Amino acid sequence: MTTTIVHPSIENLQQFSDSFDIEKILQSKGILPWLLANGWNYDNESCLIANIIDESTSLDQVWDSEEFDFNALSDELKEKLNQIFEHFYL
């Protein structure tokens, strides 16, 4: 299985435009635009995940979070997160 991660852009977020202000989301320096552009729903869970990632100082701290059980995510979502981390942190 190959997972392709896309960079957040107006085009990649257009399908969700009724859920949030695209321009405001794209101005965010956090990871939320990356999550949304790559298939996460704009909901409390994705916002919590984004906050944990944005506030963490290492990937280990993300995976060991007590606020959200990242290990409970499906293997596909874990792979997506790892690939987003590669793009986001490079």
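All values derive from a computational prediction rather than experimental measurement. (Residues numbered from 1 in each chain as written. Predicted model: local features only at pLDDT ≥ 70, side-chain atom pairs only at ≥ 80, totals over all residues. Heavy atoms only, no water.)

### Thoughts on the overall build of the protein chain
Piece 1. Secondary structure summary: the protein chain contains 6 helices and 0 strands in total.
Piece 2. Secondary structure elements in the protein chain, listed N-terminal to C-terminal, are α-α-α-α-α-α.
Piece 3. For the protein chain, whose C-alpha radius of gyration is 13 Å, the value lies close to the compact-globule estimate of 12 Å for 90 residues.
Piece 4. Across its three principal directions, the C-alpha atoms of the protein chain cover 30 × 30 × 25 Å.
Piece 5. The buried share among the 90 residues of the protein chain stands at 40%.
Piece 6. The contacts of the protein chain with a sequence gap of at least 6 include a subset with a gap of at least 24, amounting to 44%.
Piece 7. Carbon and sulfur atoms make up 44% of the accessible area of the protein chain, which totals about 5,800 Å².
Piece 8. In the protein chain, the 4 positive side-chain charges and the 17 negative ones have mean positions that sit 5 Å from each other. (Helix = DSSP H or I, 4+ residues; strand = E, 2+ residues; numbered from the N terminus. Rg over C-alpha atoms; globule rule 2.2 N^0.38 Å. Buried < 20%, exposed > 50% of the residue type's maximum accessible area, 1.4 Å probe, protein only. Contact = heavy atoms within 4.5 Å. Areas by Shrake-Rupley, 256 points an atom, 1.4 Å probe, with all protein chains shown as cover. Lys, Arg positive; Asp, Glu negative; His and termini not counted. Charge placed at Lys NZ, Arg CZ, Asp CG, Glu CD.)

### Focus on the confidence of the model for the protein chain
Piece 1. Mean pLDDT over the protein chain works out to 87, with 97% of the residues at or above the 70 mark.
Piece 2. Taken element by element, the predicted model of the protein chain shows its lowest mean pLDDT in helix H2 (residues 22-27) (85) and its highest in helix H4 (residues 44-55) (93). (pLDDT = per-residue confidence, 0-100.)

### Here we look at the packing of aromatic side chains
Piece 1. On inspection of all chains with the given rule, the structure shows 3 aromatic pairs.
Piece 2. Geometrically, the ring pair formed by Trp63 and Phe70 is edge-to-face, given 5.7 Å between the ring centres and 80° between the ring planes. Comparing Trp63 with Phe70 shows no difference in burial state: the two are buried.
Piece 3. Geometrically, the ring pair formed by Trp63 and Phe85 is edge-to-face, given 6.1 Å between the ring centres and 80° between the ring planes. With Trp63 in helix H5 (residues 59-63) and Phe85 in helix H6 (residues 75-89), this pair connects stretches of sequence that are 22 residues apart.
Piece 4. Judged by its relative accessible area of 18%, Trp63 is buried.
Piece 5. Among the aromatic side chains, those forming a connected cluster through ring pairs are Trp63, Phe68, Phe70 and Phe85. (Phe/Tyr/Trp six-rings, centres within 6.5 Å; stacked < 30°, edge-to-face > 60°.)

### Quick look at H4
Piece 1. With 12 residues, H4 extends 16 Å between its outermost C-alpha atoms, agreeing within 8% with the 16 Å of an ideal straight helix rising 1.5 Å per residue.
Piece 2. All of the buried residues along H4 are Ser46, Ile49, Ala50, Ile52 and Ile53. Within H4, the buried residues cover an arc of 165° as seen down the axis, which keeps them to one side. Turned more than 90 degrees away from the buried face of H4, the exposed residues are Asn44 and Glu55. (Expected span 1.5 Å × (residues − 1). Arc of directions from axis to C-beta.)

### Some points on the nonpolar core
Piece 1. Of all hydrophobic cores here, the largest spans 25 residues; its most connected members are Leu13, Ile31, Leu35, Phe70 and Leu81.
Piece 2. Every element with two or more residues in this core is listed here: H2, helix H3 (32-37), H4, H5 and H6.
Piece 3. It is H3 that provides the largest number of residues to this core, a total of 5 residues.
Piece 4. Once you skip the residues sitting within four places of it in the chain, Leu35 turns out to touch Trp40, Ser46, Ile49, Ala50, Leu81 and Ile84. (Core = buried A, V, L, I, M, F, W, Y, C linked by side-chain atoms within 4.5 Å.)

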